Amino acid sequence: SLTMALTRFERYLGRFLRAVVWMLFAAFNLFAPQQRHGVSRLPPITNPLLLLSAMQLARKIRRKEVMSVEVVQAYIDRIQEVNPLINAMVKDRFSAALQEAAQVDKLIEEEMGGEEVLEDRLPLLGVPITVKEAFALQGMPNSTGLLTRRDLVSGVDAPSVALLKRAGAIPLGVTNCSELCMWLESHNRLYGITNNPYDFERIAGGSSGGEGSILGAGASVIGVGSDIGGSIRIPCFFNGIFGHKPSTGIVSNDGQYPPASGLQMGFLCTGPMCRYAEDLIPMLSIMGGPNANKLGLSAEVDLKKLRFFSVPHNGGSHLVSPVDAQLLQAQKTVVRRLEADLGVKVQELFIPQLKYSFQIWGTMMASPGKDGKPPTTFAELMSEGGKKVWPVWELFKWFLGFSSHTLAAIGLALVELFQSSHPSPFILQQKESLQQELEELLGTDGVLLYPSHPQIAPKHHHPVFTPFNFSYTGIFNILGLPVTQCPLGLSEEGLPLGVQIVTGKLQDRLSLATALYLEKAFGGWREPGKSGAKP
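Residue numbering note: each chain is counted from 1, following its sequence as written. It should be noted that, the model being predicted, local features are given only for residues of pLDDT at least 70 and side-chain atom pairs only at 80 or more, the latter also being counted only at that level, while totals for whole chains, interfaces and linings use all residues. As a convention, hydrogens and water are excluded, and side-chain values are obtained from all of the structure's heavy atoms.

For the chain, the name recorded in an unreviewed UniProt entry is Fatty acid amide hydrolase 2a, with Cyprinus carpio as its organism.

See below:
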């Protein structure tokens, strides 16, 4: 039958792809430079200001219990201590930040309206933030890891960044991302590679990996990321922090590079990344501007009244790694806790269309926009401001050490050459039925648990073997559903565990409320180098 033939073909294709990737990886290991660190773990946090949420810091600053200058200086000291080990921040604005903090302290000293006025008008007054380098932040680079954009300096702020600044936040600098934001390891030829704060030999994820790493290291408290296939959630997972991919169309995506094209504007989301769950809702309500009103974020959520579902894996795609046993176990533990604490029944489900997550993501990302124009190709983006990039020639140059691009970027440009311009009707049908099924299942009171990624943070460059694993996150960009990434303690190796919390469209407050509960139940972010993190 056709289905059996398809399944057999998929199996052979899976084996073939794995063989090709193994050969590439063997070659890569011959040529790749080895990283060496004299130090094997992060220094412990000694300043207690670094262990407060952004909301707690804002309150203390408004009440004059601590000065903004002290908080900003504490974070600058921490960045200077850890950044040589993790390479997360790629350009700082420390002296400007200290001047802005001094102005905040002066403003608070002179404020006559009292604390309430400040809280209402400037909810983040005096709190430091970090921003992914792909976003425009005035006076900072915005290269997205392209050598040809190395001299570019932003003259304006991206709208999401501007809203946080208008709420009183003080940017400390910009953080690393993958080349052109399209890979799950934050590595490029301009800034180098970012390390995971729990184990320097492992990846921080991507594309918002510098942001994930600096937050996980306790060198930032809140930050800005973007996500078209998991670029907020994967780094949040690998670095043990919280992140939220909002419902589509709530937070502006303007002011980031590369701009989305084709149908991609409907899949790209800008959102908050943070160490403490209580900062997610305030950040989202600021970043969303007037659109945030659609989410009813201030409404109380009674978790006992929600319907919970758990999907343990994607049903076994041949393109994707099986889910790590420790992650399966962590998700089961969440189910048991929810049932014991809330008296709810969590229903375990298997959703067959999820098996085609990567194919659905790839098909929709390559689809022409409403104007009939195809999206900008990856090779075109790589050619920005320089010579045209020919992917095969670029790969040859890479092997000889002459390419100004990463292997991952060249690989993506090569894959595009073989993409059919005619989407498979079978895949489109899978997408439609999955969309309908999940929207009906979740409604306005459903919450779904799903693995964030099949593997715990992999070693550097290893994702080249498993390029489709991001489809665990990417599928929800295509479906436009909000997702909160939530840490669940550490693995046996001392690496973060976690889970995605998915809800219906515009029901973001349900997953955010669940994240607050899970932070209490599982302890939230854990300081690296402490609490069983790898020695």
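Student: Sorry if this is basic, but what is going on with empty space enclosed by the protein here?
Tutor: Think of a ball as big as a water molecule: rolled over the atoms, this probe shows where empty space is left. Residues are said to line a cavity or pocket when one of their atoms sits within 4 Å of a point; the points come from a 1 Å grid over protein atoms alone, cavities being sets where a 1.4 Å probe fits but cannot get out and pockets being open sets with protein on both sides within 12 Å along at least five of seven lines. Grid points are joined across faces, edges and corners, and a volume is the space filled by probe spheres set on the points. Following the criterion strictly, the structure yields 1 cavity of 30 Å³ or more and no others. When its volume is computed, the largest cavity comes out at roughly 30 Å³. Tyr 198, Gly 240, Pro 487, Gly 489, Leu 490, Pro 496, Gly 524, Trp 525 and Arg 526 together form the lining of the largest cavity. For the purposes of this entry, the term helix denotes a DSSP run of H or I that reaches at least four residues, the term strand denotes a run of E that reaches at least two, and both are numbered from the N terminus. It is strand β14 (residues 483-490) that contributes the most residues to the lining of the largest cavity, 3 residues altogether. Each residue is assigned to one class: nonpolar for Ala, Val, Leu, Ile, Met, Phe, Trp, Tyr, Cys and Pro, charged for Asp, Glu, Lys and Arg, and polar for all the others, Gly among them. Class assignment for the residues of the lining of the largest cavity results in 5 nonpolar, 3 polar and 1 charged.

Student: Hey, could you run me through the UniProt feature "active site" (unreviewed entry) in the chain in this one?
Tutor: UniProt positions are given in the numbering used here, feature names are shortened, and annotations may be inferred rather than shown by experiment. Per the UniProt annotation, the sites labelled "active site" (unreviewed entry) are Lys 132, Ser 207 and Ser 231. Spatial clustering of the annotated residues is evident: they stretch over 100 residues in sequence, but the largest pairwise C-alpha distance comes to 10.7 Å. Tracing the sequence through the fold places Lys 132 in strand β2 (residues 128-132). Once you skip the residues sitting within four places of it in the chain, Ser 207 turns out to touch Lys 132, Asn 176, Cys 177, Ser 178, Cys 181, Trp 183, Ser 186, Ser 226 and Ser 231. Polar contacts here mean pairs of N or O atoms no more than 3.5 Å apart (in protein, one a potential hydrogen donor and the other a potential acceptor; neighbouring residues in sequence count only if both atoms are side-chain atoms). Within the structure, Ser 207 has its side chain in polar contact with the side chain of Lys 132 (distance 2.7 Å). Two residues form a contact once any of their heavy atoms are found within 4.5 Å.

Student: What am I meant to see in the environment of Tyr 276 here?
Tutor: Tracing the backbone shows Tyr 276 in the loop between β10 (269-274) and α9 (280-287). Spatially, the C-alpha atoms of Tyr 276 and Met 55 are 9.3 Å apart, while their sequence positions differ by 221 residues. Those residues in contact with Tyr 276 that lie beyond four places of it in its chain are Leu 50, Leu 51, Leu 52, Ser 53, Val 221, Phe 242, Glu 519 and Trp 525.

Student: Just to check I follow, could you spell out the sheet that holds strand β8 (residues 222-227) for this structure?
Tutor: Remark on secondary structure: sheet strands pair via backbone hydrogen bonds, oriented parallel or antiparallel. Two strands pair under a simple rule: DSSP has to find at least two bridges between them. The mixed open sheet is built from 11 strands, whose spatial order is β1-β3-β2-β8-β10-β9-β14-β15-β13-β11-β12. Bordering the open sheet on either side are β1 (89-92) and β12 (346-348), each of which pairs with just one other strand. Going from strand to strand, the sheet's axes swing by 25 degrees on average, the running direction of each strand aside. Angles here are taken between N-to-C directions and fall from 0 to 180 degrees, while the axes themselves are lines fitted to C-alpha atoms, restricted in helices to the stretch in contact. Across the sheet, helix α3 (residues 68-86) lies against β1, β2 and β3 (170-175), angled at about 15 degrees from β3, the strand it touches most. Seen against the sheet, helix α7 (residues 209-216) touches β1, β2, β3, β8 and β10 and runs at an angle of roughly 150 degrees to β8.

Student: What am I meant to see in the side chain of Ser 452 here?
Tutor: Residue position: Ser 452 is located in the loop between β13 (446-450) and α16 (471-479). Setting aside chain neighbours within four positions, we find Ser 452 in contact with Phe 237, Tyr 472, Thr 473, Gln 485, Gly 498, Val 499 and Gln 500.

Student: Can you help me understand helix α13 (residues 391-400) in this one?
Tutor: For an α-helix, the turn length of 3.6 residues means that residues three or four places apart are oriented alike. Between buried and exposed lies partly exposed: a residue is buried under 20% and exposed over 50% of the maximum accessible area for its type, with that area taken using a 1.4 Å probe on protein chains only. Inspection of α13 places Pro 391, Glu 394, Leu 395 and Trp 398 among the buried residues, and these make up the whole buried set. Angular distribution of buried residues about the axis of α13 spans 105 degrees; they occupy a single face of the element. By arc we mean the arc of the directions from the helix axis to the C-beta atoms, nothing more.

Student: I keep staring at the packing of aromatic side chains and nothing clicks. Help me out?
Tutor: We describe a pair of aromatic rings using the distance from one ring centre to the other and the angle between the two ring planes. Centres within 6.5 Å make a pair out of two Phe, Tyr or Trp rings, where for Trp the six-membered ring is used; the pair is then stacked when the planes are under 30 degrees apart, edge-to-face when over 60, and tilted otherwise. For the structure on display, the rule yields 10 aromatic pairs. Each ring, one from Trp 398 and one from Phe 399, has its centre 5.2 Å from the other, and the planes form 80 degrees; the classification is edge-to-face. Classification of Phe 399 by relative accessible area gives partly exposed; the value is 26%. What links up through ring pairs into an aromatic cluster is the set Phe 358, Trp 361, Phe 468 and Phe 470. A ring is considered to have a charge above it if a Lys NZ or an Arg CZ atom is located within 6 Å of its centre and within 35 degrees of its normal. One Lys or Arg, Arg 149, reaches over the ring of Tyr 257 and ends 3.5 Å from the middle of that ring. Cation over ring: Arg 275 sits above Trp 525, and NZ or CZ is 4.6 Å from the ring centre.

Student: So what exactly am I meant to see when it comes to the pairing of β3 here?
Tutor: Residues in a regular strand project their side chains so that they alternate between the two faces of the sheet. Most of β3 is tucked away: 6 of the 6 residues are buried. Strand direction decides the pairing type here: β1 and β3, joined by 3 bridges, are antiparallel. Bridged to Met 89 within β3 is Thr 175. Both β2 and β3 contribute to a ladder of 4 bridges, which runs parallel. Bridge pairing in β3 places Ile 129 opposite Pro 171. The β-α-β motif built from β2, the intervening helix α6 (residues 159-166) and the parallel element β3 has right-handed crossover chirality. With strands facing away from the observer, any crossover in which the path from the first strand over the helix to the second runs clockwise is taken as right-handed.

Student: Teacher, can you tell me more about the nonpolar core here?
Tutor: Looking at soluble globular proteins, one finds that nonpolar side chains tend to be buried together. As used here, the term nonpolar core means buried Ala, Val, Leu, Ile, Met, Phe, Trp, Tyr and Cys residues forming a set that is joined through side-chain atoms within 4.5 Å. Within the largest apolar cluster, 164 residues are counted, with the highest numbers of intra-cluster contacts made by Leu 124, Leu 164, Leu 172, Ile 222, Leu 338 and Phe 476. The element best represented in this core is α3, accounting for 9 residues. Not counting the four nearest positions on each side in its chain, Ile 222 is found in contact with Ala 54, Leu 124, Val 127, Pro 128, Ile 129, Thr 130, Glu 211, Leu 215, Met 273, Cys 274, Asp 279 and Met 283.

Student: Can you help me understand helix α10 (residues 325-342) in this one?
Tutor: The span you would expect from a helix comes to 1.5 Å times its residue count less one. For α10, spanning 18 residues, the distance from its first C-alpha to its last is 26 Å, which sits close to the expected 26 Å at 1.5 Å a residue. Three or more residues of α10 are buried, namely Gln 326, Leu 327, Ala 330, Gln 331, Val 334, Val 335, Leu 338 and Leu 342. A distance of 2.7 Å separates the backbone nitrogen of Gln 326 from a side-chain oxygen at the start of α10, and that oxygen is part of Asp 324. Downstream of α10 by a residue or two, Gly 343 has a phi angle that is positive, lying close to 70 degrees.

Student: Explain the packing of α6 against α9 here, please?
Tutor: The relative placement of two packed helices is expressed as an angle between their axes plus a distance between the axes. α9 packs onto α6 with a crossing angle of 115 degrees between their chain directions and a minimal axis gap of 8 Å. Overall, the two elements α6 and α9 adopt an arrangement that is roughly perpendicular. Note that α6 runs across α9; the crossing there is right-handed. For the pair α6 and α9, the contacting residues are Ser 160, Leu 163 and Leu 164 in the first and Met 283, Ile 286 and Met 287 in the second. Of the residues in the contact of α6 with α9, the class split is 5 nonpolar, 1 polar and no charged. In these notes the angle categories are as follows: under 35 degrees is roughly parallel, over 145 is roughly antiparallel, 65 to 115 is roughly perpendicular, and the rest is oblique. Each crossing gets its hand from how the near helix is turned against the far one by less than a right angle, where anticlockwise is left-handed and clockwise is right-handed.

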